[in-house]
Amino acid sequence: MRIIAVGRLKRGPERELFDRYVERTRPKIDLVEIAESRGSAQEIRRKDASAILSACPEGTIMIALDEGGTSPDSQQFSTMLETWLATGKQVSFVIGGAEGLEASVIDRADALISFGRMTWPHMIVRLLLAEQIYRARAISAGHPYHRAARP
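Residues numbered from 1 in each chain as written. Predicted model: local features only at pLDDT ≥ 70, side-chain atom pairs only at ≥ 80, totals over all residues. Heavy atoms only, no water.

Explain the overall build of the chain to me, please; I cannot follow it from the model alone.
When you go through the chain residue by residue, the secondary structure sums to five helices and five strands. The N-to-C order of helical and strand elements in the chain reads β-α-β-α-β-α-β-α-β-α. Taken over the C-alpha trace, the chain has a radius of gyration of 15 Å; the compact-globule value for 151 residues is 15 Å, and the two agree within 12%. Expressed as a percentage of the 151 residues in the chain, the buried residues total 41%. As presented, the chain carries roughly 8,700 Å² of accessible surface, and 50% of it is formed by carbon and sulfur atoms. With 21 positive and 19 negative side-chain charges, the chain shows a separation of 5 Å between the mean positions of the two kinds. (Helix = DSSP H or I, 4+ residues; strand = E, 2+ residues; numbered from the N terminus. Rg over C-alpha atoms; globule rule 2.2 N^0.38 Å. Buried < 20%, exposed > 50% of the residue type's maximum accessible area, 1.4 Å probe, protein only. Areas by Shrake-Rupley, 256 points an atom, 1.4 Å probe, with all protein chains shown as cover. Lys, Arg positive; Asp, Glu negative; His and termini not counted. Charge placed at Lys NZ, Arg CZ, Asp CG, Glu CD.)

Spelled out as structure tokens, the structure:
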């Protein structure tokens, strides 16, 4: 699995927590950081899209994090992730930068996922995604990390 993200996550508590979830997750999660572009919003999205699409070769299952995507609960996300992993293909999650994702990335994506209608800093989204991937794998393994609400 890979997380392809625009920008660089610097040292600090967010990076430490991100690393903690990544180190615990199997299969391993690789982080591909794309340098932040400069220019107008349109130029930035175009440059970011080119780099993102280059990092997702044909055959890769690409999941874009986008506010227009579905908002699965953790159980649903776990099922989705297991389905993608069962294909044996590379699974890549894409997080855009401050200007968002260009339409070419959205069009290429096999699925769109949203962490809700609120706006999140893209660096925090990395942490949220890493935790949800870890949680999804724990659910699949029957690990007690995920404590689902009981009726």
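Just checking my understanding: could you explain helix α5 (residues 122-141) for this structure?
Side chains that are three or four residues apart share a direction in an α-helix, a result of its 3.6 residues per turn. Taking 1.5 Å as the rise per residue, α5 with 20 residues should run 28 Å; its terminal C-alpha atoms sit 29 Å apart, in good agreement. Counting buried residues along α5, 15 of its 20 residues qualify, which places the element largely inside the surrounding structure. Positive phi appears at Gly142, one or two residues downstream of α5, with a value of about 75°. (Expected span 1.5 Å × (residues − 1).)

Is there a simple way to think about the nonpolar core in this case?
Taken as a class, soluble globular proteins show a tendency for nonpolar side chains to be buried jointly. Counting residues in each nonpolar core, the largest one holds 27 residues, and the members touching the most others are Ile3, Ile63, Trp84, Phe93 and Ile133. Going through the elements one at a time, β1 (2-6), α1 (13-24), β3 (61-70), α3 (74-86), β4 (91-95), β5 (111-113) and α5 are the ones with two or more residues in this core. If one sorts the elements of this core by residue count, α5 sits on top with eight residues. In contact with Ile63, not counting residues within four places along its chain, are Trp84, Val91, Ser92, Phe93, Val94, Ala111 and Ile113. (Core = buried A, V, L, I, M, F, W, Y, C linked by side-chain atoms within 4.5 Å. Contact = heavy atoms within 4.5 Å.)

Can you walk me through the sheet that holds β3 in this structure?
Strand pairing in a sheet relies on backbone hydrogen bonds, with the paired strands running either antiparallel or parallel. In space, the five strands of this open sheet follow the order β2-β1-β4-β3-β5, with parallel pairing throughout. Only two strands of the sheet have a single neighbouring strand rather than two, namely β2 (30-34) and β5. For this sheet, the mean angle separating the axes of adjacent strands, direction not counted, is 30°. As paired strands, β1 and β4 are joined by four bridges and run parallel to one another. Note on β4: the bridge partner recorded for Arg2 is Ser92. (Pairing = 2+ DSSP bridges. Axes fitted to C-alpha atoms, helices over the stretch in contact; angles between N-to-C directions.)

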